[in-house]
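# Summary of structural features
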Amino acid sequence: MLSRLVFVSGNALKSSGALGAGLVQASRSLHTSSQSLAPVPPLPETGGKVRHGLFPEELFQLLYPKTGVTGPYMLGTGLLVYLLSKEIYVINHETFVAASIAAVVVYSIKKFGPSVAAFADKLNEEKVAKAQEVKDLAMASLAQGIENEKKEQWRVEGRSMLFDAKRNNVAMLLETNYRERLHMVTNEVKRRLDYQIALQDLHRRMEQEHMVNWVEKSVVSSITPQQEKESIAKCIADLKALAKTTQARA
Amino acid sequence: MAGRRVALKAIDWVAFAERVPPNQKSMFNALKTRSDGIAAKLSSLPETAAAIDWSYYRTAVAKAGMVDEFEKKFKALQIPEPVDTQTNAINSQEVEANKSATAYIEASKARVAEYEKRLAKFQNMIPFDQMTIEDLNDAFPETKLDKAKYPYWPHKPIADL
């Protein structure tokens with residue numbers, strides 16, 4: 001990353017202004033001004049671009065205006081040839097060790113790199129997901145709590161209805177009582193008057209019956225024995241006559 | 001017969017039932033059944049007394065003046081209205097209930113403010129993938145590792161991992 005900074009600042013000094021599309025990352029200038037950047041901008045998603053896994057892209061961009069596309073490769077090749085020919089780098093057995101190790105390392109990273117990266121990302125994501133869950137749960141429960149409180153406040157507003165109902169009940173009871181008293185008075189008066197009438201009727205009926213009985217008794221007692229004998233004789237004579245007529249007919 | 005109370009306020013039982021919390025539903029049901037019983041009793045009684053047919057009684061009853069006397073006394077009779085002893089108690093209950101209700105609403109509002117503050121804190125938090133560990137410790141103080149109590153990694157009892 002320091003090399004990147006070197007290239008970038010070198011370019012800025014040269015003021016070629018051809019960084020353009022090559023600069024992928026946001027330039028994080030650290031401690032350049034006295035004001036602190038808060039909140040700190042998030043870390044970039046990916047690292048800086050490199051070519052062949054080692055050489056930062058900025059190098060190629062730096063050399064592009066002067067030497068074109070093949071410039072850095074020529075530089076690299078020339079440097080290598082210079083080192084070998086002048087024996088600044090001596091080829092010995094260590095060279096082969098380094099080459100083998102490099103081959104193995106490159107192969108293994110190419111093969112297992114992505115899966116290891118995915119695994120590490122998964123671990124991180126799990127942590128984040130757990131934290132997110134906690135946060136969501138907390139927010140949901142708070143929102144629910146607010147809802148409940150509002151509902152309870154609304155419920156409390158209806159308290160006057162209870163007292164209205166109670167007062168209504170009291171009024172209804174009083175009214176019922178009053179009406180009952182009213183009806184009771186009326187019924188009692190009616191009962192007394194009806195009683196008088198019934199009493200009168202009873203009197204009349206008793207007098208009537210007594211009179212009838214008395215008349216009957218007197219009539220019966222007035223029938224003297226003489227009259228009785230005469231009436232019985234008349235009855236017998238009549239019966240005889242009747243018998244004669246019926247006998248004659250039959 | 002004088003005196004008529006018509007102060008019955010129409011009560012919307014449906015709306016009332018909605019406002020009753022679940023733990024007081026049984027009390028509400030008891031109140032409703034009682035009120036309905038009283039109302040039924042009231043409506044079963046006719047409002048005015050049945051009229052007494054004085055002319056018929058005058059001709060029917062033989063005793064002189066009895067009917068007239070009864071009629072005079074009956075017409076002069078004033079049935080006293082029953083005394084209302086409970087309304088004052090109810091009114092004072094209502095005043096007390098209002099007081100406690102306002103106190104409860106105040107407390108409830110304080111709770112709502114508290115909840116809303118916490119909710120705002122959660123909503124204004126930066127997303128987790130942009131947080132550093134220090135940001136996390138600021139937002140959720142319980143995640144802060146006590147480096148003084150457990151100086152060696154992982155800075156918390158092994159059982160808590």
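To be clear, the structure that these remarks concern was listed above.
In this text, all values refer to a predicted model and were calculated from it rather than measured experimentally.

Parameters at a glance
- Residues numbered from 1 in each chain as written.
- Chains lettered and ligands numbered in written order.
- Predicted model: local features only at pLDDT ≥ 70, side-chain atom pairs only at ≥ 80, totals over all residues.
- Heavy atoms only, no water.
- Axes fitted to C-alpha atoms, helices over the stretch in contact; angles between N-to-C directions.
- Helix = DSSP H or I, 4+ residues; strand = E, 2+ residues; numbered from the N terminus.
- Parallel < 35°, antiparallel > 145°, perpendicular 65-115°, else oblique.
- Contact = heavy atoms within 4.5 Å.
- Buried area = accessible area lost by both parts, 1.4 Å probe.
- Salt bridge = Lys/Arg side-chain N within 4 Å of Asp/Glu carboxyl O.
- Polar contact = N/O pair within 3.5 Å; in protein donor to acceptor, adjacent residues only side chain to side chain.
- Nonpolar A, V, L, I, M, F, W, Y, C, P; charged D, E, K, R; others polar.
- Phe/Tyr/Trp six-rings, centres within 6.5 Å; stacked < 30°, edge-to-face > 60°.
- Buried < 20%, exposed > 50% of the residue type's maximum accessible area, 1.4 Å probe, protein only.
- Lys NZ or Arg CZ within 6 Å of the ring centre and 35° of its normal.
- Expected span 1.5 Å × (residues − 1).
- 1 Å grid on protein atoms, 1.4 Å probe; cavity = no way out; pocket = protein on both sides within 12 Å on 5 of 7 lines; lining within 4 Å.
- Points joined across faces, edges and corners; volume = space filled by probe spheres on them.
- Domains from an automatic or database assignment.

### Details of the packing of helix H5 (residues 159-222) of chain A against helix H4 (residues 66-76) of chain B
Relative orientation of the contacting elements H5 of chain A and H4 of chain B amounts to 175°, with a least axis distance of 12 Å. As judged from the angle between their axes, H5 of chain A and H4 of chain B are roughly antiparallel. Here Val185, Thr186, Val189, Arg192, Leu193 and Gln196 of chain A of H5 of chain A come into contact with H4 of chain B, specifically with Met66, Val67, Phe70 and Phe74 of chain B.

### Here we look at the interface of chain B and chain A
Contacts between the two partners involve 74 residues from chain B and, on the opposite side, 55 residues from chain A. Carbon and sulfur atoms supply 69% of the area that chain B and chain A bury against each other, a total of about 6,400 Å² over both sides. Taken together, chain B and chain A are joined by 5 salt bridges. Two residues, glutamate 157 of chain A and arginine 19 of chain B, come together in a salt bridge whose shortest N-O distance is 3.8 Å. Remark: the boundary between chain B and chain A carries 15 residue pairs in polar contact (both at pLDDT 80 or more). Contributions of two or more residues to the side of chain B that touches chain A are made by helix H1 (13-19), helix H2 (25-44), helix H3 (54-60), H4 and helix H5 (87-123) of chain B. A per-element tally of the side of chain B that touches chain A places H5 of chain B first, with 20 residues. Across the side of chain B that touches chain A, the residue classes break down as 47 nonpolar, 11 polar and 16 charged.

### Quick look at the packing of aromatic side chains
All names here are of chain B. Tallied over the entire structure, the rule returns 8 aromatic pairs over all chains. Summarising the aromatic geometry, the rings of tryptophan 13 and phenylalanine 16 are spaced 5.8 Å apart at their centres and angled 25° between planes, so their arrangement reads as stacked. Of this pair, tryptophan 13 and phenylalanine 16 are both found in helix H1, 3 residues apart, which corresponds to roughly one turn of the helix. With respect to class, tryptophan 13 is no different from phenylalanine 16; both count as buried. Taken together, the ring pairs in this structure connect Trp13, Phe16 and Phe28 into an aromatic cluster. Sitting over the ring of phenylalanine 122, lysine 121 keeps its end group 5.4 Å from the ring centre.

### As for H5 of chain B
Compared with an ideal rise of 1.5 Å per residue, which puts 37 residues at 54 Å, H5 of chain B spans 52 Å between its outermost C-alpha atoms and is within 8% of the ideal. By the burial criterion, the buried members of H5 of chain B are Thr87, Ile90, Glu94, Ala97, Ala101, Ile105, Ser108, Val112, Leu119 and Phe122 of chain B. Buried residues belonging to H5 of chain B abut helix H4 (93-157) and H5 of chain A.

### A few points about the layout of surface pockets
Its volume calculated, the largest pocket comes out at about 1,300 Å³. Along the walls of the largest pocket sit 31 residues, with Lys127, Val128 and Ala131 of chain A together with Ile133 and Leu136 of chain B positioned nearest its centre. Elements represented by at least two residues in the lining of the largest pocket include exactly H4 of chain A together with helix H6 (133-139) of chain B. Of the residues forming the lining of the largest pocket, the biggest block, 10 residues, is contributed by H4 of chain A. Residues belonging to the lining of the largest pocket are distributed by class as follows: 14 nonpolar, 5 polar and 12 charged. Computed from the structure, the second largest pocket encloses a volume of approximately 590 Å³. Lining the second largest pocket are 20 residues, and of these Arg155, Arg159 and Leu162 of chain A together with Pro21 and Gln24 of chain B sit closest to its centre. Among the elements of the structure, H4 and H5 of chain A together with H1, H2 and H5 of chain B are those that each provide at least two residues to the lining of the second largest pocket. Here the residues of the lining of the second largest pocket are counted per class, giving 12 nonpolar, 3 polar and 5 charged. Looking at the lining of the second largest pocket, you find at least three residues from each of domain 1 (9-46) and domain 2 (87-124) of chain B.

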